[in-house]
Every structure is written in C-alpha cells, then in structure tokens.
Amino acid sequence: MDWQELTDLTRGHPFVVERVRLTASDVAIEGEFELPQLAQLGVEDQVFVMAFVRCHGSIKEMERIFGVSYPTIKSRLNRIMRMLDFVETDPAPSRADVIDRLRRGEITAQQAVSELEAHP
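Scope of this entry: the structure provided in the associated data block. Everything numeric in this text was worked out from a predicted model, so none of it was measured.

### Section: unusual backbone geometry
Point 1. Its identity as a non-glycine residue notwithstanding, Asp 26 has a phi of 60°, on the positive side.
Point 2. Among the structural elements, Asp 26 can be located in the loop between strand 1 (17–22) and strand 2 (27–33).
Point 3. Look at His 56: it is not a glycine, yet its phi comes out positive at around 55°.
Point 4. Note that His 56 resides in the loop between helix 3 (43–54) and helix 4 (59–66).

Here it is as structure tokens:
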C-alpha cells in the first residue's frame, strides 16, 4: 500500500501509524509515529507538490502541465504552504558565535548587541 491509497482510505482524516516494519531485517517497531507533513497532504496536493519539484519550481511549466493560469498555481502553492510548517533554514547564531565574531573584530559591539537582542 502506498501513501496515496492510505490517504484515500482515511479520506483526509487524521490517523496515527503505530507499527513500522523494516523490510531488510524484518524488524518491527511499535509506537506512535507522526507522518511526514507531505504525507499528511491530500492525494491531489501530493501530486501537485511532486510535479512542482520535478519542474524545479517552474510555475510556467506547472501552468503547462496542469493547464491553468499563473494565479491559479500561485494560489494553490500558497494554500499548501499554509498547511506546512517550515524548518528555519537560517538559524540564529549562538551567543558564543556572536561573541567570537565580536572578539575577532568581524562585527561591532552595536551589531553584537542587536543580534543578541533579536534572538534571546
């Protein structure tokens, strides 16, 4: 069974995976496992995201594939984006990093204070 079949069976209702089996070693792990966010999307949204990735993020290509306008693609991307939590890709520097950069003269005291205040 793949994710799409599972999503169809659950009809978009939340569910919990309680058992995982590693096929290579036939080891089973039981517990409560959260699904990856993309697996929690409906089938149509999963297909849309996969197409977007395959198109390397080209909205023009998405328009061609789905036969819809730019605003329609953007609207759907925005709707899906609101459904997903995003990982911070530019984490705040640690206090030690800020102080080290200040000691090396890479930033001014005011810049160091600003960075430390921005990320307490």
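### Concerning the packing of helix 6 (residues 95–103) against helix 7 (residues 109–118)
Point 1. Where helix 6 meets helix 7, the axes come as close as 10 Å, and the angle between the chain directions of the two elements is 175°. Relative to helix 7, helix 6 is oriented roughly antiparallel. On the side of helix 6, the interface is formed by Arg 95, Val 98, Arg 101 and Leu 102, while helix 7 contributes Ala 109, Ala 112, Glu 115 and Leu 116.

### Looking at the packing of aromatic side chains
Point 1. Applying the stated criterion across every chain yields a total of one aromatic pair.
Point 2. With centroids separated by 5.3 Å and ring planes inclined at 45°, the aromatic side chains of Phe 48 and Phe 66 adopt a geometry described as tilted. One end of the pair, Phe 48, is in helix 3; the other, Phe 66, is in helix 4, with 18 residues separating them in the sequence.

### Remarks on the environment of Asp 26
Point 1. By relative accessible area, Asp 26 is classed as exposed at 54%.
Point 2. A polar atom in the side chain of Asp 26 sits 3.1 Å from the side chain of Arg 21.

### Side note on the pairing of strand 1
Point 1. Relative to strand 2, strand 1 runs antiparallel, the two being bridged by five bridges. Its bridge partner lying in strand 2, Arg 19 is registered against Glu 30.
Point 2. The hairpin formed by strand 1 and strand 2 contains four residues between the paired strands, and Asp 26 there has a positive phi angle of roughly 60°.

### Concerning the pattern of salt bridges
Two side chains carrying opposite charge are able to pair once their charged atoms lie near each other.
Point 1. Counted by the stated rule, this structure contains eight salt bridges.
Point 2. Note that Arg 101 is salt-bridged to Glu 115, the shortest N-O span being 2.8 Å. Of this pair, Arg 101 sits in helix 6 while Glu 115 is found in helix 7, placing the two residues 14 residues apart along the sequence.
Point 3. Accessibility expressed as a relative area gives 23% for Glu 115, which makes it partly exposed.
Point 4. Put simply, Arg 104 and Glu 106 hold a salt bridge, and the shortest N to O gap is 2.8 Å.
Point 5. Relative accessible area serves as the criterion here: at 53%, Arg 104 is assigned to the exposed category.
Point 6. Note on Glu 106: relative accessible area 48%, which makes it partly exposed.
Point 7. Here the salt bridges share partners, and the residues they tie into one network are Asp 45, Arg 76 and Arg 79.

Each value, and the rule that gives it
- Residues numbered from 1 in each chain as written.
- Predicted model: local features only at pLDDT ≥ 70, side-chain atom pairs only at ≥ 80, totals over all residues.
- Heavy atoms only, no water.
- Helix = DSSP H or I, 4+ residues; strand = E, 2+ residues; numbered from the N terminus.
- Axes fitted to C-alpha atoms, helices over the stretch in contact; angles between N-to-C directions.
- Parallel < 35°, antiparallel > 145°, perpendicular 65-115°, else oblique.
- Contact = heavy atoms within 4.5 Å.
- Phe/Tyr/Trp six-rings, centres within 6.5 Å; stacked < 30°, edge-to-face > 60°.
- Buried < 20%, exposed > 50% of the residue type's maximum accessible area, 1.4 Å probe, protein only.
- Polar contact = N/O pair within 3.5 Å; in protein donor to acceptor, adjacent residues only side chain to side chain.
- Pairing = 2+ DSSP bridges.
- Salt bridge = Lys/Arg side-chain N within 4 Å of Asp/Glu carboxyl O.

Without other data, these values stay purely geometric and don't point to any function.
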